[in-house]
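Each chain, written out:
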Amino acid sequence: MEYNIAVVKGDGIGPEVVDSTIEILDLIGEKFGHKFSYTEVLAGGCAYDVYGEPLPKSTIDVCRNSQAVLLGAVGGNKWDDLPGDKRPERAILGLRKELGLFANLRPGMLFKALEESCPLKAEIVGDGFDILVVRELTGGIYFGERGIKDTENGKTAYDIESYSEMEVRRIAHIGFEMAMKRNKKLTSVDKSNVLESSRLWRKTVIEVSKDYPEVELNHMYVDNASMQVIRNPKQFDVLLTTNLFGDILSDEISMLTGSIGMLPSASLGTGTGLFEPIHGSAPDIAGKGIANPIATILSAAMMLRFVFDLKAEADCIESAIDKVLNEGHRTGDIAKKGEKVLSTVEMTEVIKDVIKRG
Ligand code: NAD
């Protein structure tokens, strides 16, 4: 089979981690008999330098016409003084909008080999955990009506949280679909004891759950959920929530997993899906060849699983990374004092070796 992927390397360490990931994809293609075709396009600061804008139309067109987008990271000090609409980060928001990406998927998994970098006690995390946060991305308070007005108490500012049944229904379907591909458990997080929008959220999630009788559904208030991910993260499989609550909970969960260089993400919606590491362009280490490529490689594994339905291929990448970590290979961000530190290229090579052997 041939698969078309738009590649946006971006800025800083983006090109370094994406180059590694393409090597892994090519090897997987060889091993399993697929061809991955890449169309490289510019977005972010590098696009601004060439086109005078961070997200040129030609980039949007290529992304739209591909089956998936693989993105490194955008941004850097060089472009910090540009006006808002020209800043590299605008490219990400623009792509989300243009591709209709309303669902953000962020796995928070703790590899057994990195247990020590988790701030929780060993008896809580046991042999690791694996949570998938499914966050609504284009609705809620971040996109609701907002304003500021003069009142007798001085200025009063407001931001309105609002969700339509359609918005909840479509993100809930993504959550349940993901649960079906995993351990068939979904926790919907809301604040329905206080918020009207959360009451509609909960009612709609319950309605959608009727299409997925195999998935065990439970509900949790967001304040309780924020405690439960610390108290017992292993209880969660898929955690479905709103834009605001998901923003906060996914960062909380990422702190439990060790390094930011390990965590992938996917954004899905009505059009082409976007796959990217959760980290930024890391200008402090860009060009040094020491970035951890694992978050981007795991993002590619998500692409294989969710867009191309290549489960064995995604499993092969994920278990190779698990093995490499168990064998003690580390980039600087995940190495303990005194441990040997691999470069980006060396880490890529050891992952390739395991895939070849496996
Ligand atoms: P960052 O994630 O780039 O870096 C935070 C810290 O983590 C740095 O010390 C960095 O060296 C380290 N780090 C990040 N990724 C790593 C990796 N793969 N391997 C080893 N170490 C890694 O966050 P920041 O410093 O706040 O932002 C830098 C730039 O990236 C800014 O311009 C910001 O706007 C942008 N950014 C872009 C995205 C994106 O493209 N989606 C996301 C976040 C930040």
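(A) A look at the side chain of Ser254. You can see Ser254 is positioned in helix H9 (residues 243–255). Among the residues examined, Ser254 registers a relative accessible area of 14% and is labelled buried. If we ignore the near neighbours within four places in the chain, the residues touching Ser254 are Arg106, Leu263 and Ile278.

(B) Region of interest: the nonpolar core. Residues Leu105 and Ile351 are the most contacted members of the largest nonpolar core, which totals 65 residues. The biggest single contributor to this core is helix H10 (residues 294–306), with nine residues. Formed jointly, this core draws a minimum of three residues from each of two domains, domain 1 (1–100 + 271–358) and domain 2 (104–265). Each residue touching Ile351, except ones within four places of it in the same chain, is listed here: Ile24, Ile294, Ile297, Ala320, Ile321 and Val324. Residues Leu110, Val125, Ile253 and Leu256 belong to the second largest nonpolar core, which totals 18 residues.

(C) Representation of the layout of surface pockets within the structure. For the largest pocket, the calculated volume is near 580 Å³. Lining of the largest pocket is provided by 23 residues; of these, Met109, Asp130, Arg182, Arg305 and Glu318 occupy positions nearest its centre. Among the secondary structure elements, those contributing two or more residues to the lining of the largest pocket are strand E4 (101–109), strand E5 (130–136), H10 and helix H11 (311–326). Its residues placed into classes, the lining of the largest pocket shows ten nonpolar, three polar and ten charged. When residues of the lining of the largest pocket are assigned to domains, at least three map to each of domain 1 (1–100 + 271–358) and domain 2 (104–265). Approximately 480 Å³ is the volume attributed to the second largest pocket.

(D) Structural context of empty space enclosed by the protein. Considering all chains together, one arrives at one cavity of 30 Å³ or more under this definition. In this structure, the largest cavity spans a volume of roughly 50 Å³. Around the largest cavity, the lining residues are Arg106, Pro107, Gly108, Val133, Ser250, Ile253, Ser254, Leu263, Pro264 and Ile278. Listed by contribution, the elements that provide at least two residues to the lining of the largest cavity are E4 and H9. For the lining of the largest cavity, the class distribution of residues is six nonpolar, three polar and one charged.

(E) Expanded view of the pattern of salt bridges. One pass over the full model with this rule turns up 27 salt bridges. Ionic pairing is found between Lys9 and Glu40, a salt bridge with its closest N-O pair at 3.5 Å. Remark: Glu40 occurs in strand E2 (residues 35–40) and Lys9 occurs in strand E1 (residues 2–10); sequence separation between them is 31 residues. Judged by its relative accessible area of 16%, Lys9 is buried. The residue Asp223 makes a salt bridge to Lys191 at a minimum N-O spacing of 3.0 Å. Of the two residues, Asp223 is situated in helix H8 (residues 222–231) and Lys191 in the loop between strand E8 (185–190) and helix H7 (196–209); the sequence distance between them amounts to 32 residues. Connected through salt bridges with shared partners, the residues Arg305, Lys311, Asp315 and Glu318 form a single ionic network.

Definitions and cut-offs
- Residues numbered from 1 in each chain as written.
- Predicted model: local features only at pLDDT ≥ 70, side-chain atom pairs only at ≥ 80, totals over all residues.
- Heavy atoms only, no water.
- Helix = DSSP H or I, 4+ residues; strand = E, 2+ residues; numbered from the N terminus.
- Buried < 20%, exposed > 50% of the residue type's maximum accessible area, 1.4 Å probe, protein only.
- Contact = heavy atoms within 4.5 Å.
- Core = buried A, V, L, I, M, F, W, Y, C linked by side-chain atoms within 4.5 Å.
- Domains from an automatic or database assignment.
- 1 Å grid on protein atoms, 1.4 Å probe; cavity = no way out; pocket = protein on both sides within 12 Å on 5 of 7 lines; lining within 4 Å.
- Points joined across faces, edges and corners; volume = space filled by probe spheres on them.
- Nonpolar A, V, L, I, M, F, W, Y, C, P; charged D, E, K, R; others polar.
- Salt bridge = Lys/Arg side-chain N within 4 Å of Asp/Glu carboxyl O.

That is the geometry; function is a separate question.
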